[in-house]
Amino acid sequence: MLRDYAFILIFSAIALSVPILGLSIAWLLRPKKPGKIKNATYECGLETFGETWVQFKVQYYIYALIFVIFDIETVFLYPWAVAYNKLGLFALVEMFIFIAILVVGLLYAWRTDALEWV
Amino acid sequence: MQFLDNLFLNISQVIRNLVGGFLPDWGVEVVMMTVAAAVLVVIAVVTMMFLTWMERKVVGRIQDRLGPNRVGPFGLMQPIADMVKMFIKEDITPREANRWVYNLGPIVVVPPAILALAVIPFGRGLSGADLSIGWLYLAAVASTSVIGIFMAGWGSRNKYALLGAMRAAAQIVSYEIPQVLSVVGVILIAGSLSMQRIVEAQNVWFVFLQPVAFIIFLIASVAEIERSPFDLPEAESEIIAGYHTEYSGLKFGMFFLAEYISTFAVSAIGATMFLGGWRGPVLPGWIWFLAKTYLLVFVVLWLRGTLPRIRVDQLMNFAWKVLVPLALANLLVAGLIAAIINPAETPGFWTFIGFLLGNLLLIAAVVMVGVLRAPEMEASEAAVVGAKGALAGQ
């Protein structure tokens, strides 16, 4: 059990070393000749115009909020699913209640046009 | 065959005996884990190189071209030529960019893709770590990939990059919900989150017990890894290349590394969860596993060669108004049938019939809803097109 998580730790370190190692080697090999025009922001050949870091469309925040709700509820579904065959009738009733909560949430978001992309 | 089946386990035993001679027990464990991790990382990089070749070859054939055929036999050396090019290409950091975020983006985006390989069972007893929470780990790791993408898009300080990053964030979080919901049915039947246990539970492949879940999983996974027809975050024709517009050389290569490893990873997860993983007659398990995984990889490439890119409002509507309700309905059906026939005790055949009937009912219900709502959908689509036309006319 602990061995598995130790492996994940070692694996994370090695996985992180792939881009770091690769980019370091590329840094040694590649030419470095920056120029004023070369380092300009790309925008179809024209000078970039106006502010780039603008305020996000509010729609993205709403999707993020709905996502958080659903993702957390799904995480709670996993232990229930694992133990389903051992719980019997209780699990079935529980499932109806839980999915009803999810569906009510989804319907509410749907009815209030939170899911409309405008 | 027995020998081939246990090939990798035997090799690991040989290494274990070799180091066991002059290291204490915990030292042997650390060496073994490091070797296994390094092998997995090498597999990831080689897979990525092979997939770039395979994609160009397959899409080339679909488009009636030959694909790469100059460098080496069948163009197989093409990925190596590309790699050399990426290593020696000049790197450009835009003046306006936030240097830290811009340079960290490609570094953050790679590890989540590679980390997914840790729990995938390549064969019987052949996985880096057989976590008891295997699938939960995969979902958690996969959802962190959006951070690197967003760092890249934000740090570039480029309008196309920022648009691409915003689209990517919205898309990845939206399609994660149907993806994680569709797997609940599988976990319910298998009674475990561990990938090895899920494979062992598949006396009947879960694709036959949960066909609707498999389709939802496939669609949501293709959207999660931003491949066509869901490649809006990197749509070349509208936002140039999305979040990696400003990147060049190996930094650009890092995004491709992540994308191709993710493609392999979700195909491997699909093969493990729904197609019986390493189980199969005669041939060694790891050959079965690779065959099934590459079948799914081929399907993903095939989708790219066949379907046009969809619109952003269609993308979000499809996730929340079609896939999420469908995944919830599928979960309901799976729960009801599992309550009537306990899949752990019923023989495979009757489990199969029960779940098949349930899924057929579900598909019939979906078709009915589709037919009933068709006029309404057409009206709303006409409204969208009309509004676009009015805007264009201004």
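Residues numbered from 1 in each chain as written. Chains lettered and ligands numbered in written order. Predicted model: local features only at pLDDT ≥ 70, side-chain atom pairs only at ≥ 80, totals over all residues.

**Notes on the overall build of chain B**
Here is the rule we go by: Helix and strand assignments follow DSSP, with helices taken as H or I runs no shorter than four residues and strands as E runs no shorter than two, numbered in order from the N terminus. A radius of gyration in this sense is built from C-alpha atoms; the matching globule rule multiplies 2.2 Å by the number of residues raised to 0.38. Counting other C-beta atoms within 10 Å of its own, a residue is labelled buried from 20 upward, exposed at 12 or fewer, and partly exposed in the gap between, with every C-beta atom placed from the backbone. What counts as a contact is two residues whose backbone-derived C-beta atoms lie within 7 Å of each other.
Along its length, chain B carries 16 helices and 0 strands. The C-alpha radius of gyration of chain B comes to 23 Å, within 12% of the 21 Å expected for a compact globule of 394 residues. With the C-alpha coordinates aligned to their principal axes, the bounding extent of chain B is approximately 80 × 60 × 40 Å. Out of the 394 residues in chain B, the part that is buried amounts to 49%. Of the contacts formed within chain B by residues at least 6 apart in sequence, a portion of 76% connects residues at least 24 apart.

**Comments concerning the overall build of chain A**
What chain A contains, in helices and strands, is 4 helices and 0 strands. Counted from the first residue to the last, chain A has its helices and strands arranged as α-α-α-α. Relative to the globule expectation of 13 Å for 118 residues, the C-alpha radius of gyration of chain A, 25 Å, shows a markedly less compact shape. Counting only C-alpha atoms, chain A reaches 70 × 50 × 15 Å along its principal axes. In chain A, buried positions account for 17% of the 118 residues.

**Comments concerning the interface of chain A and chain B**
Condition: Residue polarity is assigned by list, with Asp, Glu, Lys and Arg as charged and Ala, Val, Leu, Ile, Met, Phe, Trp, Tyr, Cys and Pro as nonpolar; anything else, Gly included, falls into the polar class.
Contacts between the two partners involve 52 residues from chain A, matched on the other side by 70 residues from chain B. Of all the secondary structure elements, the ones that give two or more residues to the side of chain A that touches chain B are α1 (2-29), α2 (58-82), α3 (84-87) and α4 (89-111) of chain A. At 19 residues, the largest contribution of residues to the side of chain A that touches chain B is made by α1(A). Residue composition of the side of chain A that touches chain B, by class: 38 nonpolar, 7 polar and 7 charged.

**Details of the domain arrangement of chain B**
Residues and elements named next belong to chain B. Rule in force here: Each domain's limits were defined by an automated method or a database of domain assignments.
Under the domain assignment, chain B is made up of domain 1 (7-80) and domain 2 (89-368). Spacing between the C-alpha centres of domain 1 and domain 2 amounts to 21 Å. Counting from both sides, the interface comprises 16 residues of domain 1 and, opposite them, 17 residues of domain 2. At the level of secondary structure, the elements contributing two or more residues to the side of domain 1 that touches domain 2 comprise α2 (7-20) and α3 (25-62). Here the side of domain 1 that touches domain 2 gets 13 residues from one element, more than from any other, and that element is α3.

**Notes on unusual backbone geometry**
Residues and elements named next belong to chain B. Located in the positive-phi region is Phe-74, a residue other than glycine, with phi close to 55°. Of the residues examined, Phe-74 has 13 C-beta atoms within 10 Å and is grouped as partly exposed. The phi angle at Arg-157 is positive, at roughly 50°, despite the residue not being glycine. By secondary structure assignment, the location of Arg-157 is in the loop between α7 (145-155) and α8 (159-190).

**Points about helix α11 (residues 211-224) of chain B**
Residue and element names in this part refer to chain B. Here is the rule we go by: The span you would expect from a helix comes to 1.5 Å times its residue count less one.
Here α11 contains 14 residues, and its C-alpha end-to-end distance of 20 Å stays within 8% of the 20 Å for a straight helix at 1.5 Å per residue. Counting buried positions along α11 gives 12 out of 14 residues, so the element sits mostly inside the fold. Buried within α11 are the following residues: Val-212, Ala-213, Phe-214, Ile-216, Phe-217, Leu-218, Ile-219, Ala-220, Ser-221, Val-222, Ala-223 and Glu-224. Phi turns positive one or two residues past the end of α11, at Glu-226, with a value near 55°.

**Some words on the environment of B:Asn317**
Considering the arrangement of structural elements, one finds B:Asn317 in helix α15 (residues 312-340). C-alpha separation for the pair B:Asn317 and B:Ile219, spaced 98 residues apart in sequence, amounts to 14 Å.

**Comments concerning the nonpolar core**
Residue and element names in this part refer to chain B. How we decide: What we call a nonpolar core is a set of buried Ala, Val, Leu, Ile, Met, Phe, Trp, Tyr and Cys residues whose membership is set by joining through C-beta atoms within 7 Å.
Formed by 134 residues in total, the largest nonpolar core has its most connected members in Ala-165, Ile-187 and Ile-261. Sorting elements by how many residues they give to this core places α8 first, with 22 residues. Inspection of this core shows a minimum of three residues originating in each of domain 1 (7-80) and domain 2 (89-368). Apart from residues no more than four positions distant in its own chain, Ile-261 is found in contact with Ala-44, Thr-47, Met-48, Ala-113 and Ile-114.

**Overview of the packing of α8(B) against α15(B)**
Residues and elements named next belong to chain B. Put simply, the rule reads: Geometry is summarised by axes, namely lines fitted to C-alpha atoms with helices restricted to the contacting stretch, and by angles between N-to-C directions that run from 0 to 180 degrees. Comment on the angle field: the value is read as roughly parallel under 35 degrees, roughly antiparallel over 145, roughly perpendicular from 65 to 115, and oblique elsewhere. What makes a crossing left-handed is the near helix being turned counterclockwise from the far one by less than a right angle; a clockwise turn instead makes it right-handed.
Remark: α8 packs on α15, axes separated minimally by 9 Å, with the N-to-C direction vectors making an angle of 10°. As judged from the angle between their axes, α8 and α15 are roughly parallel. Helix-helix and strand crossings are classified by hand; for α8 and α15 the assignment is left-handed. Of the residues belonging to the contact of α8 with α15, the class tally is 20 nonpolar, 6 polar and 1 charged.

**A look at α1(A)**
As a reminder, the rule being used: Bending is quantified residue by residue as the angle between axes fitted to the seven-residue window ending at that residue and the seven-residue window starting at it.
Given a rise of 1.5 Å per residue, 28 residues ought to cover 40 Å, and the 41 Å separating the end C-alpha atoms of α1(A) matches this to within 8%. Of all the bends found along α1(A), the most pronounced is centred on A:Ser17 and spans about 25°, while A:Pro19, a proline, follows it within four residues. Elements that come into contact with the buried residues of α1(A) comprise α3, α5 (99-115) and α13 (249-274) of chain B.

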